[in-house]
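These are the residues of each chain, in order.
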Amino acid sequence: MSNQNLNQFGELGDRLKTIIDDGVNSQDYQKMTKEIKNTVNDAVNLAVNTAVETGSTAIKNGLDNVFGNGNTNAGIQKEQQKTRTQAFEEKRKQERAAQDAARSQADGKKEMPALYEKMTGVRVKGLLMSVTGGILASGMGLGCLVLGIFGTVAKMNSIVAGGIGFLAAGAVIGGGFLAAGVSRLGSLNRFQRYQQILGDHTYSNFEQLSIAVDKPVDFVKKDIKKMIARGWFRQGHIDNQETCLITSNETYRQYTVTQNALEQRTQEEQKKQAEADRLRQNTAPEVQEILDKGNDYLKKLGECNDAIPGEMISAKISRMELIVKRILERAQEHPEIVPDLKKMMSYYLPITVKLLNAYADMDKQPVQGENIQNSKKEIEESLDTLNLAFEKLLDSIFEDTAMDVSSDISVLHTLLAQEGLTEDDFNRMKKQ
């Protein structure tokens, strides 16, 4: 193909894109359709006239019949063009009527932020690109075929070959327009399907959207990312794990706040676990065994508390959990008190868990007879006794600390008295 034909090929594509964009912006579709037809016909005429200059009159007549430049098909094509234009305008009227009805239905309702781009122009442009591409690809492809047939019969020269190349390039342009238009319309259909799945919600996971459009999850992720980049989802976001589409800035803000709180809580739990691991490494095996056993019973107390709905007994169990937790924490810091906890670990806590499990089973019975009620009451009273015992145990393990504090305070008072800094000394100084 000559450089001149290459330039014409590029100019043709640019010209068609400009016509479509101007038509969508001005909404003068009748003028746009006419300009597209004239542009395509001019391109074809250029190739045909070039072939005619070589004496190929038969080619010109054949192409005239194909593209409607002859008088025979002129009236038919004009009527077909008029019919298509009327159908398109009628469709536009129906779309406007549907939009007006939707706006009327929305009157009186609370105005919501615009989350989605209006896609009327995108749909029109997609349709026009598909139609234009189809016309251009089929017309120029057929012209290329006619020239090719003639070239095989007659002696083909360079000018005829250039005409075939130009028409083939035009057919490629048309195929590109057609593919782009179909792709745009497909994206628009999926976008509308995504909106239907979202409904009144401002978030949805990709699994649901994938099922809705019958596409793989990875395809849907890329598809939605493109739509967000194009501005179709005006407030579109994707979560950090790329599992969910969020269509509102406010919802995304709430998500980030929750996510930050979750990350902070996770970090705190990791620090606690690291500290527990450190203490475990520095604790004697026999001491750690007692502590693990106590933590296991503490977990069972929590499970029993969850299984029993009564508020009064639940408060007693919660108090017991708190006391036992404090005892275990103290034992972790002062392993020397662990021997004092053996009876609590080997008898008190096991029997407590056993009683609470029995209470939970009785509490589930549909008929609360006298025996069940009496047994439950006895267990509740036993919890009071156990809590009192555990409180005394907790107080006793602080006995050494209390003695140390008392001794330190006594020494402090003695030193203050020796320095003449007690309250009696101050009063004596004032009298003097």
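Our structure is the block above this text.
Because the structure is a prediction, the values reported are computed rather than measured.

**Things to note about the overall build of the protein chain**
Here's step 1: Of regular secondary structure, the protein chain possesses 15 helices and three strands.
Here's step 2: The contacts in the protein chain between residues at least 6 apart in sequence include a share of 68% that link residues at least 24 apart.
Here's step 3: Surface exposure of the protein chain reaches about 27,000 Å², of which carbon and sulfur atoms provide 52%.

**A few points about the nonpolar core**
Here's step 1: If you look at the biggest cluster of nonpolar residues, it comprises 35 residues, and the most contacted ones within it are Ile327, Leu349, Leu356 and Phe390.
Here's step 2: Among the elements of the structure, helix H10 (285-307), helix H11 (311-333), helix H12 (342-363) and helix H13 (370-396) are those that each provide at least two residues to this core.
Here's step 3: Every residue in contact with isoleucine 327, bar those within four places of it in the chain, is listed here: Leu341, Met344, Phe390, Leu393, Leu394 and Ile397.
Here's step 4: Tyr116, Tyr194, Val220 and Ile238 belong to the second largest nonpolar core, which has 16 residues in total.

**Quick word on the sheet that holds strand S1 (residues 203-205)**
Here's step 1: The antiparallel open sheet is built from three strands, whose spatial order is S1-S3-S2. Looking along the sheet, the strands with just one partner apiece sit at the ends: S1 and strand S2 (237-238).
Here's step 2: In terms of strand pairing, S2 meets strand S3 (residues 244-246) through two bridges, oriented antiparallel. Looking across to S3, one finds that histidine 237 is bridged to isoleucine 246.
Here's step 3: Of the strands in this sheet, S1, S2 and S3 touch helix H7 (residues 206-213), which is tilted by about 75 degrees from S1.

**Examining H12**
Here's step 1: The terminal C-alpha atoms of H12 lie 31 Å apart, and with 22 residues this matches the ideal 32 Å at 1.5 Å per residue to within 8%.
Here's step 2: Along H12, the helix axis deviates most sharply at tyrosine 348, where the bend reaches about 30 degrees; the proline proline 350 sits within four residues downstream.
Here's step 3: Three or more residues of H12 are buried, namely Met344, Met345, Leu349, Thr352, Val353, Leu356, Tyr359, Ala360 and Met362.
Here's step 4: In this fold, the buried residues of H12 make contact with H10, H11 and H13.

What counts and how
Residues numbered from 1 in each chain as written. Predicted model: local features only at pLDDT ≥ 70, side-chain atom pairs only at ≥ 80, totals over all residues. Heavy atoms only, no water. Helix = DSSP H or I, 4+ residues; strand = E, 2+ residues; numbered from the N terminus. Contact = heavy atoms within 4.5 Å. Areas by Shrake-Rupley, 256 points an atom, 1.4 Å probe, with all protein chains shown as cover. Core = buried A, V, L, I, M, F, W, Y, C linked by side-chain atoms within 4.5 Å. Buried < 20%, exposed > 50% of the residue type's maximum accessible area, 1.4 Å probe, protein only. Pairing = 2+ DSSP bridges. Axes fitted to C-alpha atoms, helices over the stretch in contact; angles between N-to-C directions. Expected span 1.5 Å × (residues − 1). Bend = angle between axes of the 7 residues up to and from the residue.

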